[in-house]
Amino acid sequence: MGTDTNEIIYDTLVRIEKKCDEQAQQINQIDRRLAVLEANAEEQRRVSDRLAALEADKNKVMGAKEIAIGIVSAVISGTSIFAALK
C-alpha cells in the first residue's frame with residue numbers, strides 16, 4: 001500500500017515537473033517575443049525622432065525660401081521704382 005502511494009506521488013511529481021518545464025519554455029518564448037517588440041519599439045522611436053528632425057529642417061528651409069522670395073520681391077520692387085523715377 002505504501003508503494004502505491006509512493007508511485008502515485010512520484011508520478012504526480014513527474015507530471016508537475018513536466019508541466020513546469022513546458023511553462024518555462026513558454027515563458028522563454030514570451031521573453032524572446034517581448035525583446036523583439038521592445039527592439040521594434042525603440043527603432044520606431046528613433047525613426048519618429050528622425051522624422052521630427054527632418055520636418056524641422058524642412059520648416060527651416062521653407063522659412064529661408066520665403067525670406068529669399070521676400071528679398072527678391074523687394075529688390076524687383078525697388079528696381080521698378082528706381083526705373084520709374086528715372
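Because the structure is a prediction, the values reported are computed rather than measured. (Residues numbered from 1 in each chain as written. Predicted model: local features only at pLDDT ≥ 70, side-chain atom pairs only at ≥ 80, totals over all residues. Heavy atoms only, no water.)

Judged by side-chain polarity, Ile9, Leu13 and Ile16 come together as a nonpolar surface patch covering roughly 270 Å² of accessible area. The residue Ile9 is located in helix 1 (residues 2-85) in this model. A relative accessible area of 44% places Ile9 in the partly exposed class. (Patch = residues over 30% accessible without salt bridge, like charges linked within 9 Å, V, L, I, M, F, W, Y side chains within 5 Å. Areas by Shrake-Rupley, 256 points an atom, 1.4 Å probe, with all protein chains shown as cover. Salt bridge = Lys/Arg side-chain N within 4 Å of Asp/Glu carboxyl O. Helix = DSSP H or I, 4+ residues; strand = E, 2+ residues; numbered from the N terminus. Buried < 20%, exposed > 50% of the residue type's maximum accessible area, 1.4 Å probe, protein only.)

In total, this model carries five salt bridges according to the counting rule given. Two residues, Lys19 and Glu22, come together in a salt bridge whose shortest N-O distance is 3.9 Å. Of this pair, Lys19 and Glu22 are both found in helix 1, three residues apart, which corresponds to roughly one turn of the helix. Note on Glu22: relative accessible area 35%, which makes it partly exposed. In this structure, Glu43 and Arg46 form a salt bridge, with 2.6 Å as the shortest nitrogen-oxygen distance. A residue pair is termed a helical-turn pair when its members lie 3 or 4 positions apart in one helix, as Glu43 and Arg46 do in helix 1 at three residues. In this structure, a network of salt bridges that share partners links the residues Glu42, Glu43, Arg45 and Arg46.

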